[in-house]
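The chain contents come next:
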Amino acid sequence: MKNQVAILIPAYNEELVIESTLSSAVALVGKNHVYVVNDGSTDSTASCAKSYTPNILSIPNGGKANALNSGIRHFQLTDYYKYIFLMDADTRIDPHFLQHALPHLKSKAGKKLNGVVGKVCSLGVNWIGKFRIWEYEIAHSVHKRAQSNTNTILVLPGCATLYRSRVFKKFFVPLGTLTEDMDFTFELNRQNQGNFVYEERSLVITQDPRDLRSFLKQIKRWYIGFWQCVHKHHIPWGGQNIDLEVALLATEGLFNGFISLALLFTVPMVLFVNPLILVVPFLFDLFLFFLPTLIWTAATNRNLKLFFYLPHFYFLRLLLSLVFIYTFFVSLLKRPKSNSWTTERYSLTQSN
């Protein structure tokens, strides 16, 4: 008889954060059902993990996707478990995650589902984290919810997705891109296996970059990985719903990127000629988009302090648009190296 849920955590130099992750994982399913793949770490990741679970696999460094595939094969998780929960080593799981996620898979209507996607939340420990609270709320409460209803979930997050184990009997997490979770999502859709549902009450809390340099490095990797997946899976020429979803989001991102570039070049001249020209589009964006979504986020997260970060949010939105358009041209001109282990970690005592 199969057990219910295995939690699989790939880890590379995660000594600063993995104990918090493992503590929440063990509390959820017990130490015997938590599995860690130590992907050639050069710090004390392995010894930290041994304090929480006996299931440790140490392999030469080969990247996150390889670590996940190695862990599933080595521990034979598909033979012993009905469900496999893939997690990142910097993520804490809400104690009620499975309570809300599993009923979807156990219901009569959910037999065809291959998994459940949870909601990713930020710790919000600094100004970048405050921006992420807003960004994640919009990405999940608006985009992910709508994508779930149309069966076009764009990303099965590497830190918040519960799979039926049968998925990994047929498919491996693909190698060769910077965003293995998006790559896997596109691959499952191409194989008509992209039937997942979003559950907003199943929460995970993840760590975000603590400074601007790390933030730019992270989003550059995410966006380059996005374009790699677009090219790899021939978006938008696949004739599936997800092709339309990706095309719309990419078009929106490119439009915002070109608008941001135009602003950078024209604002100095406009300010000199007639500053009032900028007032109307600014007010339009502020009152029709930014403030309503910020009010919703502040109310949902019970965090009124988010309003004090409004200038920071505008600044980071501009950066996101510029990086998106930059990575678009980078993906056209050259093939970036694929290395997923690039996110810097920090303990909470280092976050301020």
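Keep in mind it's a predicted model, so treat the numbers as computed, not measured.

*Asks:* Tell me about the pairing of strand β1 (residues 3–11), residues and numbers included.
*Replies:* Across the nine residues that make up β1, a large majority, seven, are buried. Looking at chain direction, β1 and strand β4 (residues 81–86) are connected through five bridges and run parallel. Within β4, the residue paired with Leu 8 across the bridge is Leu 86. Sheet topology places β1 next to strand β2 (residues 34–39); five bridges connect them, and they run parallel. Looking across to β2, one finds that Ile 9 is bridged to Val 36.

*Asks:* Account for the nonpolar core, with residues named and values stated.
*Replies:* Of all hydrophobic cores here, the largest spans 35 residues; its most connected members are Phe 186, Phe 226, Trp 227 and Val 246. Secondary-structure elements contributing two or more residues to this core are α6 (127–149), α8 (180–190), α9 (212–232), α10 (241–273), α11 (279–301) and α12 (310–333). Broken down by element, the residue count for this core peaks at eight residues, all from α12. Residues in contact with Phe 186, not counting those within four places in the same chain, are Leu 154, Cys 229, Val 230, His 233, Ile 235, Ile 242 and Val 246.

*Asks:* Before we move on, could you go through the packing of aromatic side chains and cite the residues and values that matter?
*Replies:* One pair of aromatic rings is described through two measures. These are the centre distance and the angle between the planes. Summed over all chains, the structure comprises 24 aromatic pairs. Between Phe 168 and Phe 184 the ring centres are 5.8 Å apart and the planes differ by 25°, which places this aromatic pair in the stacked class. Separated by 16 residues along the polypeptide, Phe 168 in helix α7 (residues 167–170) and Phe 184 in helix α8 bring together distant segments of the chain. Judged by its relative accessible area of 6%, Phe 168 falls in the buried class. Aromatic pair Phe 282 and Tyr 314: ring centres 5.6 Å apart, planes at 35°, arrangement tilted.

*Asks:* Give me the lowdown on unusual backbone geometry, citing residues and values where you can.
*Replies:* For residues that are not glycine, phi is negative in most cases, and the peptide bond is trans in most cases. Looking along the chain, the bond that leaves Ile 235 and enters Pro 236 is cis, with omega of 5°. Positionally, Pro 236 belongs in the loop between α9 and α10. One non-glycine residue, His 234, lies in positive phi territory at about 55°. Within the secondary structure layout, His 234 lies in the loop between α9 and α10. Phi angles above zero are rare outside glycine, and Arg 302 is one such case at about 55°. By the secondary structure assignment, Arg 302 is in the loop between α11 and α12.

*Asks:* Now, about the pairing of β4: what can you tell me, with residues and values included?
*Replies:* Among the six residues that make up β4, five are buried, leaving the element largely enclosed by the rest of the structure. Two elements, β4 and strand β7 (residues 161–164), share four bridges in a ladder whose sense is antiparallel. When the sheet's bridge partners are listed, Ile 84 is paired in β7 with Tyr 163.

What counts, and at which threshold
Residues numbered from 1 in each chain as written. Predicted model: local features only at pLDDT ≥ 70, side-chain atom pairs only at ≥ 80, totals over all residues. Heavy atoms only, no water. Buried < 20%, exposed > 50% of the residue type's maximum accessible area, 1.4 Å probe, protein only. Helix = DSSP H or I, 4+ residues; strand = E, 2+ residues; numbered from the N terminus. Pairing = 2+ DSSP bridges. Core = buried A, V, L, I, M, F, W, Y, C linked by side-chain atoms within 4.5 Å. Contact = heavy atoms within 4.5 Å. Phe/Tyr/Trp six-rings, centres within 6.5 Å; stacked < 30°, edge-to-face > 60°.

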